[in-house]
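# Chain and residue survey
Chain residues, written in single-letter form:
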Amino acid sequence: MAVCQLEAPQSCALASFRLARAAGARTILNPAPSAGLDPGLVELTDILVPNEHEAAALDGGQAPPDVLAARLARRFGCAVVVTAGPRGCFADAPGLGSWHCPAPEVQAADTTGAGDAFVGALACRLRAGDDLTAAAAFATRVASISVAQPGTMPSYPTAADLEPAPAGESVTGPA
């Protein structure tokens, strides 16, 4: 699994994804901060994870997050998971269709780092063998827990904080 974002030049992500592909690894790109994407980088991206503002910038217009996920998945030919804060995430993937993972209700104290918590948890669960829908539901839960505490890394839940998984953790769309 290779995970990149755009804090470093896109050429770094491109080189990382080339190495990942050569090794047979999946790639996840978090296009933050928002920027136009190098077509070569997009071709090597398996899962694109923008927030709804980044997704709108990539799409070139405002739309609901489910619409943005579908448009970007068709445009880029990869799975797209658009994070939408308290509304959870909206995803679309070739061959899987669209789905929504609602977020648990929490009192947000600090949303800084929620996207990083989401992407890290998504990658962790995919690496552990979850399918994309289950990994996205887990990542939504992790990001929701992280915003309830101030700060970034100290607010991220541990594995012990996440057990047991709540009954009824839901996903709307493919199972």
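Structural notes, computed from the coordinates. The shown structure was predicted, so the numbers you read here are calculated from the model rather than taken from an experiment. (Residues numbered from 1 in each chain as written. Predicted model: local features only at pLDDT ≥ 70, side-chain atom pairs only at ≥ 80, totals over all residues. Heavy atoms only, no water.)

Below, the discussion takes up the sheet that holds strand β2 (residues 27-30). Spatially, the six strands line up as an open sheet ordered β1-β2-β3-β4-β5-β6, and their pairing is mixed. Edge positions in the open sheet fall to β1 (2-5) and β6 (97-101), since each of these has one partner strand only. Here β2 runs beside strand β3 (residues 47-48); their pairing, made up of two bridges, is parallel. By the bridge assignment, I28 is partnered in β3 with I47. Running over the sheet, helix α1 (residues 10-22) touches β1 and β2 and is turned about 170 degrees from β1. Across the sheet, helix α4 (residues 65-76) touches β3, β4 (79-83) and β5 (89-93), and the angle it forms with β5 is around 30 degrees. (Pairing = 2+ DSSP bridges. Helix = DSSP H or I, 4+ residues; strand = E, 2+ residues; numbered from the N terminus. Contact = heavy atoms within 4.5 Å. Axes fitted to C-alpha atoms, helices over the stretch in contact; angles between N-to-C directions.)

Below, the discussion takes up the packing of aromatic side chains. Between two aromatic rings, the relevant description is the distance of the centres plus the angle of the planes. Throughout the structure, instances matching the rule amount to zero aromatic pairs. Over the ring of F138 we find R125; its NZ or CZ atom is 5.6 Å from the centre of that ring. (Phe/Tyr/Trp six-rings, centres within 6.5 Å; stacked < 30°, edge-to-face > 60°. Lys NZ or Arg CZ within 6 Å of the ring centre and 35° of its normal.)

Okay, the environment of G36 next. Mapped onto the elements, G36 comes out in the loop between β2 and α2 (39-43). Sequence-wise, G36 and A57 are 21 residues apart; in three dimensions their C-alpha atoms are separated by 8.2 Å.

Its location among the elements puts Q10 in helix α1. Within the local environment of Q10, its side chain forms a polar contact with the backbone oxygen of G36, the two atoms lying 2.6 Å apart. Aside from chain neighbours lying at most four places away, what touches Q10 is A35, G36, L37, D38 and L41. (Polar contact = N/O pair within 3.5 Å; in protein donor to acceptor, adjacent residues only side chain to side chain.)

Let us look at the side chain of D92. Along the polypeptide, D92 turns up in strand β5. Nearest to the buried, unbridged D92 among oppositely charged side chains is R74, at 5.6 Å. Side-chain polar atoms of D92 contact the side chain of S98, separated by 2.4 Å. (Buried < 20%, exposed > 50% of the residue type's maximum accessible area, 1.4 Å probe, protein only. Lys, Arg positive; Asp, Glu negative; His and termini not counted. Salt bridge = Lys/Arg side-chain N within 4 Å of Asp/Glu carboxyl O.)

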